[in-house]
Amino acid sequence: MSRPLRLDPERFFPADAATRSIAARLFTGVEHLPIVSPHGHTDPRWFAGNESFDDAVSLLLWPDHYVLRMLMSAGLTLESLGVAPNDGAAVETDRRKIWRRFAEHYHLFRATPTRLWLDHVFAGVFGLPVRLDVGTADLYYDAINGALATPPFRPRALFDRFAIEVLATTEGALDPLDQHRLIAASGWQGKVITTFRPDDVTDPDRADFAANVRRLGELTGEDCTHWDGYLAALRQRRAFFREHGATATDHGHPTALTADLPLREARELFAKVLDRRPPGADAELFRAQMLTEMARMSCADGMVMQLHAGAWRNHNDSLYRRFGRDRGGDVPLQTNFTRALKPLLDLFGSRNDFTLILFTLDESTYSRELAPLVGHYPCLRLGPAWWFHDAPDAMLRYRRSITETAGIYNTVGFNDDTRAFFSIPARHDLARRIDCAYLSELVATRRLDEDEAAEVAVDLAYRLPKAAYRL
Ligand SMILES: [Zn+2]
């Protein structure tokens, strides 16, 4: 027998009635605010072409590394979920069967944010009235595929329905930004902007690093066999991205290490990492120097800089070799900020015209390093609880660990950071509810008056991301 699926209007609020009612009142002030999404990984092609999405499996399962990693942890193979390896091994092609397999294992997601987001998508976006399980798998599959074929479920219609005011995508330094050009030329009013993510040309550990730097030279007409030409080429690409709406850069580094090398050493290091395969210890020092160079360029061109540190990408080597990146094989690393950022902060830390937004996957750094750093340096802001910590308890831990030292206004509101377009309303709804839950406790314990808490809730949901990302 199928069981009802219902989104409780007071979900994620505190358990005791008095605090819960404060949270509910605060939430009424932010529930319907437009969505500002300054950092994420949706595909600009969707909004350029406005074609229908294919089906439930390719939309909701395959691109979602949270889903893949949990199913894999329970012993399911990616082949059985229809994800093809590069070695030609047999793979399930019957998408209905794949969807049934997912439904059969949906209980694995109990008490995880994936379950919360997906239920919100099922009930809120598709209007499904019953819970997903083996018995309702076919009903889901047919209802979702049927809806996706209709005009209201095309990308631009959903963009409007989700009340997205601005959505930032993320592109590599070599991307021609054709899709963004098409969006701009189409006359559509939706605001989709790009973000400059140069890891493809700044990380010598990437197998394609030297080829990418060569391509960077071809694209810009700069001599990228030398340090000075390489930096000039990067400045040119940043300007190109700004012409396509970018206000921010993003840097995904294993550590937050920065460096300030004398010019001669930087030139020599660049020559070494271009030449040497594998680059070894030079790679880390080069990435460190590049963070400082990117900060220097941000001081000049006004782009907001984001640093996403602390992920060991592709930890599962055989998975990476057979299926490539973003399949759920990434694992957090212990991260240091205080020591690592010192060279960069010595140069630019006190500037008011430069913004560096920090993200961590290492929660132990919140109160020990990040809150004290962002509570002091004018250039620093703390990004929201990210990736593994984009979840109710982790978001509360974040606010509780940092607010007393960093305050509210050294944070930047919420990032959904997602490629799962349909889950964007779910993620912002959850973040707003958790912020209201946190604020309701401050009100209940008389640490903040309710009118101020209501103002803070609006700042977190709307004003802070717009201000921090200069949108
Ligand atoms: Zn991201």
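Quick notes on the rules
Residues numbered from 1 in each chain as written. Predicted model: local features only at pLDDT ≥ 70, side-chain atom pairs only at ≥ 80, totals over all residues. Heavy atoms only, no water. Helix = DSSP H or I, 4+ residues; strand = E, 2+ residues; numbered from the N terminus. Rg over C-alpha atoms; globule rule 2.2 N^0.38 Å. Contact = heavy atoms within 4.5 Å. Areas by Shrake-Rupley, 256 points an atom, 1.4 Å probe, with all protein chains shown as cover. Lys, Arg positive; Asp, Glu negative; His and termini not counted. Charge placed at Lys NZ, Arg CZ, Asp CG, Glu CD. 1 Å grid on protein atoms, 1.4 Å probe; cavity = no way out; pocket = protein on both sides within 12 Å on 5 of 7 lines; lining within 4 Å. Points joined across faces, edges and corners; volume = space filled by probe spheres on them. Nonpolar A, V, L, I, M, F, W, Y, C, P; charged D, E, K, R; others polar. Buried < 20%, exposed > 50% of the residue type's maximum accessible area, 1.4 Å probe, protein only. Pairing = 2+ DSSP bridges. Salt bridge = Lys/Arg side-chain N within 4 Å of Asp/Glu carboxyl O. Phe/Tyr/Trp six-rings, centres within 6.5 Å; stacked < 30°, edge-to-face > 60°. Lys NZ or Arg CZ within 6 Å of the ring centre and 35° of its normal. Core = buried A, V, L, I, M, F, W, Y, C linked by side-chain atoms within 4.5 Å. Axes fitted to C-alpha atoms, helices over the stretch in contact; angles between N-to-C directions. Parallel < 35°, antiparallel > 145°, perpendicular 65-115°, else oblique. Left-handed = near helix turned anticlockwise from the far one by under 90°.

Draft legend 1. Molecular detail of the overall build of the chain. In terms of regular secondary structure, the chain is built from 20 helices and eleven strands. Taking 471 residues into account, the globule formula puts the C-alpha radius of gyration at 23 Å, and the chain, at 23 Å, falls close to it. Overall, the chain is about 70 × 60 × 45 Å in size when its C-alpha atoms are taken along their principal axes. Taking contacts inside the chain between residues at least 6 apart in sequence as the whole, the part at least 24 apart equals 77%. Total accessible area on the chain stands at roughly 19700 Å², and carbon and sulfur atoms take up 51% of it. Counting 57 positive and 64 negative side-chain charges, the chain places the centres of these two groups 1 Å from one another.

Draft legend 2. Summary view of empty space enclosed by the protein. Counted under the stated rule, the structure contains five cavities of 30 Å³ or more. Considering only enclosed or pocket space, the largest cavity measures out at about 80 Å³ in volume. Around the largest cavity sit Pro384, Ala385, Met395, Tyr398, Arg399, Gly413, Phe414, Ala431 and Asp435, which together line it. For the lining of the largest cavity, the secondary-structure elements that each account for two or more residues are α18 (392-406) and α19 (424-444). Among the elements that line the lining of the largest cavity, the one with the most residues is α18, at three residues. Residues belonging to the lining of the largest cavity are distributed by class as follows: six nonpolar, one polar and two charged.

Draft legend 3. How the structure looks around the layout of surface pockets. Computed from the structure, the second largest pocket encloses a volume of approximately 390 Å³. Lining the second largest pocket we find 17 residues, and of these Glu31, His120, Phe162, Pro425 and Asp429 sit closest to its centre. Of all the elements in the fold, those that place two or more residues in the lining of the second largest pocket are α6 (113-125) and α19. A total of five residues in the lining of the second largest pocket trace back to one element, the largest contributor, which is α19. Considered class by class, the residues forming the lining of the second largest pocket number seven nonpolar, four polar and six charged.

Draft legend 4. Representation of the pairing of strand β2 (residues 164-168) within the structure. Along β2, four of the five residues are buried, which leaves the element largely enclosed by surrounding structure. The pairing of strand β1 (residues 35-37) with β2 spans three bridges and is classified as parallel. By the bridge assignment, Ile35 is partnered in β2 with Ile164. Strand direction decides the pairing type here: β2 and strand β4 (residues 192-193), joined by two bridges, are parallel. Of the residues in β4, the one forming a bridge with Ala168 is Ile193.

Draft legend 5. Region of the structure containing the pattern of salt bridges. For the structure shown, the criterion picks out 38 salt bridges. The partner of Asp205 in a salt bridge is Arg287, and the shortest N-O contact between them spans 2.8 Å. With a gap of 82 residues between them, Asp205 in the loop between α10 (199-202) and α11 (209-220) and Arg287 in helix α14 (residues 281-301) connect regions that are remote in the sequence. Overall, the relative accessible area of 6% leaves Arg287 in the buried class. As a salt-bridge pair, Arg215 and Glu218 come within 3.2 Å of each other at their nearest N and O atoms. You can see Arg215 and its partner Glu218 sitting in helix α11, three residues apart, about one turn around the helix.

Draft legend 6. Fine view of the environment of Ala157. Take Ala157: it is sitting in helix α8 (residues 155-161). Measuring from C-alpha to C-alpha, the distance between Ala157 and Asn316 comes to 38 Å, with 159 residues separating the pair along the chain. Setting aside anything within four residues of it in sequence, one finds Ala157 in contact with Pro151 and Pro152.

Draft legend 7. The arrangement of the sheet that holds β4 in detail. Judged by pairing direction, the sheet is parallel, and its three strands sit side by side in the order β1-β2-β4 without closing on themselves. Two strands lie at the open edges of the sheet, namely β1 and β4, each paired on one side alone.

Draft legend 8. Focus on the packing of aromatic side chains. Scanning the entire structure with this criterion turns up 36 aromatic pairs. Here a set of aromatic residues connected by ring pairs shows up, and it is made of Trp46, Phe47, Phe53, Phe126, Phe153, Phe159, Phe162, Trp188, Phe421 and Phe422. Against the face of Trp117 rests Arg427, its NZ or CZ located 3.7 Å from the ring centre.

Draft legend 9. Structural detail: the nonpolar core. Core analysis: the biggest nonpolar cluster contains 97 residues, and Tyr230, Leu234, Phe286, Phe354, Leu358, Leu380 and Leu439 have the highest contact counts within it. With nine residues, α19 is the single largest residue contributor to this core. Apart from the residues lying within four places of it in its own chain, the contact partners of Leu234 are Phe196, Val201, Leu216, Met290, Met294 and Met297. Among the nonpolar cores identified, the runner-up in size contains 52 residues, and Leu81, Ile98, Ala103 and Phe159 belong to it.

Draft legend 10. Layout of the packing of helix α12 (residues 227-243) against α14. Contact pair α12 / α14: the axes reach a minimum separation of 11 Å and the direction vectors enclose 50 degrees. One way to sum up the angle between α12 and α14 is to call them oblique. Seen from above, α12 lies across α14 with right-handed handedness. Along the contact surface, α12 presents Trp227, Tyr230, Leu231, Leu234, Arg235, Arg238 and Arg242, while α14 presents Phe286, Gln289, Met290, Glu293, Met294, Met297, Ser298 and Asp301. Among the residues making up the contact of α12 with α14, the classes are represented as eight nonpolar, two polar and five charged.

Honestly, it's all geometry; don't read function into it.
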